[in-house]
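Listed below, chain by chain, are the residues.
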Amino acid sequence: MKTLPTLSILIALTLGREADLRYGYSFKPDKEIKIPMEAERWDYAENQVEFINYQSEEAMKILKDQGQVVLNDFLFTDGTIEFDVALTSGAPFVSIYFRQQNPDNAECFYLRTYRAGNPDGADAAQYAPMVEGVNLWDMLGHYQGPAVLKAEGWNHIKLVVSGERMLVFVNNLEQPTLNIPKLEGNTTQGSLAFEGRAIFTNLVINPHEVEGLTPQAGYDPTYNDPRYLRKWSVSEPTDFPRGREVGEKDFPTDQTRWDAIAAERRGLMNLTRRFGKNENRRLVWLKTKISSETDQQRRLDLGFSDEVWIFINDRLLYVDKNLYGSPIMKEPDGRCSIENTSLMIPLQAGDNELLIGIANDFYGWGIMARLDQIENVTVQK
């Protein structure tokens, strides 16, 4: 069901401030409001939603996985978002999107509902932004945690959003379930939406109450670690059919265009943010320079998603895959992490070129790379 913006404006002009609060076009409130669970407030697919009285609450029940159910004409930047959700059978995830500019770019928090009743499930609660059409759950695994989630009855969720920071509370308003030091999406304001078969009620938004949470990003635990390789050159991606391995014709040439790319937090070379969503498997090349005062071997700790071919000074050194859901996926759980793997790199005295081919066709892609030590070694800055 869709609400026409022109009709919304006419209603708001006719009925005044209270109508504005309910139907205002791209309305940004200045005080706490409760969003009614009524059909005209939401945009959704046909037969996707029904509005019911459930356990004495006026509620919205999402019946089908047909995309998001979007709050009409509402703009959110900072503040608190609170709601109650009752889980229904068959839905593995229940999500809320905020600061959403479009379905491809938004902040997202979601519950893995199959963890209900298991307070020790390490991934019951997850923050993962939508960046250029990709949910970065596999690149930002450190933004998940356990939650006391109930399979029956209401679960109370509270988000406190302030600038680059967020706290998430699940059924406990005293202790955050997740403490997000930096929101990593591409947006700073936008709409709200729900997704997943569940029942929602008591949606309350307070646009200015951040409960003292600082808007500045928290500390990056790798900030003071000089061992990370943070400066690279990157090629443009090329189509790379499934099952194919890197061959001579796939290598960079003198005509290859190279652009500078720098690591994000935790040393992540985030190729998703640079190249967005891909419908097919793609290959990209990263290269950097390591200067060594002597001939020596250094250990390289490497996180990657999904497949890598590593060369040092034009010599093939290492091939590996981190394919989620396959026997070859790396710990932790097929996600990109500096814990994925390690290898020894032979460095010659002088300059060394480290060249890495990376292929991807599943959610986010990128690498993070760290030397075991940098004594007698200089990395590209």
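Residues numbered from 1 in each chain as written. Predicted model: local features only at pLDDT ≥ 70, side-chain atom pairs only at ≥ 80, totals over all residues. Heavy atoms only, no water.

Draft legend 1. The arrangement of the pairing of strand β6 (residues 79-87) in detail. A large share of β6 lies buried, amounting to 8 of its 9 residues. Sheet analysis places β6 next to strand β13 (residues 154-162), joined by 8 bridges and oriented antiparallel. Paired with Phe 83 across the two strands is Ile 157, which belongs to β13. Where β6 and strand β17 (residues 198-206) come together, 7 bridges link them in antiparallel fashion. Looking across to β17, one finds that Glu 82 is bridged to Val 204. (Buried < 20%, exposed > 50% of the residue type's maximum accessible area, 1.4 Å probe, protein only. Helix = DSSP H or I, 4+ residues; strand = E, 2+ residues; numbered from the N terminus. Pairing = 2+ DSSP bridges.)

Draft legend 2. Representation of the layout of surface pockets. Counted as a void, the largest pocket has a volume near 660 Å³. Phe 93, Tyr 110, Asn 135, Trp 137 and Tyr 363 are, among the 29 residues lining the largest pocket, the residues nearest its centre. Mapped onto the lining of the largest pocket, the elements with two or more residues apiece are β7 (93-102), β8 (105-112) and β11 (134-135). Per element, the largest residue contribution to the lining of the largest pocket is 4 residues, and it comes from β7. (1 Å grid on protein atoms, 1.4 Å probe; cavity = no way out; pocket = protein on both sides within 12 Å on 5 of 7 lines; lining within 4 Å. Points joined across faces, edges and corners; volume = space filled by probe spheres on them.)

Draft legend 3. The environment of Leu 213, seen in detail. As for its placement among the helices and strands, Leu 213 is situated in the loop between β17 and β18 (231-234). With relative accessibility at 11%, the residue Leu 213 sits in the buried group. Residues within four places of Leu 213 in sequence aside, it is in contact with Val 160, Ser 162, Arg 165, Met 166 and Leu 167. (Contact = heavy atoms within 4.5 Å.)

By themselves, these figures tell us nothing about what the structure is for.
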